[in-house]
Amino acid sequence: MNKNFRSLMIALVVVSLWGCASNEPKRDLNIDRTNYISAKATVEAVNMKTRLVTLRNADNKLFTVYVGKEAINLPQVRVGDTLSVEYEEALAIRMAEPGEVRDETSLEVGRVAPGSKPEGVEIIETTVTAKIEGIDKINEAVTLRLPDGDVRIVKVQDPANLQKVKVGDTIVITYTEALAISVKKI
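The shown structure was predicted, so the numbers you read here are calculated from the model rather than taken from an experiment.

To continue, consider the pattern of salt bridges. All told, the structure shown has 10 salt bridges when counted by the stated rule. For Glu-44, the salt bridge goes to Arg-56, with nearest N and O atoms at 3.3 Å. Here Glu-44, found in strand S1 (residues 30-47), pairs with Arg-56, found in strand S2 (residues 52-57); they are 12 residues apart in sequence, far enough to count as distant. Between Glu-100 and Arg-102 there is a salt bridge, with the nearest N and O atoms lying 3.4 Å from each other.

Spelled out as structure tokens, the structure:
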């Protein structure tokens, strides 16, 4: 019985080691980055005919922006109003699931009712899969083939991530931009 027990233990150890040796090391690519900007400006002039609005920023500098016709509440903007702008961009990258192919863009827009002070939100999110066709560790860059066939060379921000991928891997890239604008009376 002791001999059978020892043979069984050896067999279990060999099977365990064989299972470990056949598995590729886990390459867990998971990148999440976000940038956020917030700014305020004071309305100095509004030209309804040209749809040009002159603003004064926090540094007391003047600049002029064109406001498109989709901003139906531009007539509600007055000199002295405060314009608040918030902008956020986010990037997420992960390993693709086997067979996963993505090439999609979504757009969400929110506006206030006509006659109100202008306020709105726009969110654009693009998700694509990309196949890694080259890794340049010296220049810290990867060559990616996108779903439409375009090839892009992209410099990586964190070179340690190059250790987590190999040529032939497919990754999923999601890029999101969100813009919120509101005009308030002083």
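There is more to say, and it comes next.
Below, the discussion takes up the pairing of strand S9 (residues 170-184). With 14 bridges joining them, strand S4 (residues 82-95) and S9 adopt antiparallel strand pairing. Bridge assignment links Glu-86 to a residue of S9, and that residue is Ala-180.

Our next topic: the nonpolar core. Judged by nonpolar contacts, the single largest core of 15 residues is most densely connected at Leu-29, Ile-93, Ala-130, Leu-144, Ile-171 and Ile-173. Among the secondary structure elements, those contributing two or more residues to this core are S4, strand S6 (119-136), strand S7 (141-145) and S9. Here this core takes 3 residues from S6, the largest share from any one element. Apart from the residues within four sequence positions on either side, Leu-144 is in contact with Ala-130, Lys-131, Ile-132, Asp-150, Val-151, Arg-152, Val-154, Ile-171 and Ile-173. With 9 residues, the next largest nonpolar core counts Val-53, Leu-74, Val-77 and Val-183 among its residues.

Turning our eyes to something else, we now look at unusual backbone geometry. Phi is positive for Asn-60, which is not a glycine, with a value near 70 degrees. Position of Asn-60 among the secondary structure elements: in the loop between S2 and strand S3 (62-66). Even without being glycine, Glu-140 reaches a positive phi, approximately 55 degrees. As for its position among the elements, Glu-140 is in the loop between S6 and S7. Relative accessible area serves as the criterion here: at 28%, Glu-140 is assigned to the partly exposed category.

Here we take up the side chain of Asn-161. Here Asn-161 shows up in the loop between strand S8 (151-155) and S9. Aside from chain neighbours lying at most four places away, what touches Asn-161 is Leu-29, Ile-31 and Arg-33.

Take the environment of Gly-99 next. Structurally, Gly-99 can be placed in the loop between S4 and strand S5 (103-111). With relative accessibility at 75%, the residue Gly-99 sits in the exposed group. With 71 residues separating them along the chain, Gly-99 and Thr-170 place their C-alpha atoms 9.1 Å apart.

Residue placement: Arg-51 occurs in the loop between S1 and S2. The side chain of Arg-51 sits in the buried core without any salt bridge; Glu-70 is the nearest counter-charge, 7.0 Å away. In this structure the side chain of Arg-51 is engaged in a polar contact, spanning 2.9 Å, whose partner is the backbone oxygen of Gly-68. Each residue touching Arg-51, except ones within four places of it in the same chain, is listed here: Val-65, Tyr-66, Val-67, Gly-68, Lys-69, Ala-71 and Leu-74.

Turning next to the confidence of the model for the protein chain. When pLDDT is averaged along the protein chain, the result is 85, and 85% of the positions lie at 70 or above. S7 holds the highest mean pLDDT among the elements of the protein chain, 96, whereas helix H1 (residues 2-22) holds the lowest, 40. Counting contacts from residues 1-23, a segment whose pLDDT is below 50, to residues more than four positions away or on other chains yields 0 contacts.

Bringing the environment of Gln-163 into the picture now. You can see Gln-163 is positioned in the loop between S8 and S9. In this structure Gln-163 comes out as exposed when scored by relative accessible area, which is 54%. For the pair formed by Gln-163 and Asp-28, sequence separation is 135 residues and the distance between their alpha carbons is 9.8 Å.

Conventions we followed
- Residues numbered from 1 in each chain as written.
- Predicted model: local features only at pLDDT ≥ 70, side-chain atom pairs only at ≥ 80, totals over all residues.
- Heavy atoms only, no water.
- Salt bridge = Lys/Arg side-chain N within 4 Å of Asp/Glu carboxyl O.
- Helix = DSSP H or I, 4+ residues; strand = E, 2+ residues; numbered from the N terminus.
- Pairing = 2+ DSSP bridges.
- Core = buried A, V, L, I, M, F, W, Y, C linked by side-chain atoms within 4.5 Å.
- Buried < 20%, exposed > 50% of the residue type's maximum accessible area, 1.4 Å probe, protein only.
- Contact = heavy atoms within 4.5 Å.
- Lys, Arg positive; Asp, Glu negative; His and termini not counted.
- Polar contact = N/O pair within 3.5 Å; in protein donor to acceptor, adjacent residues only side chain to side chain.
- pLDDT = per-residue confidence, 0-100.

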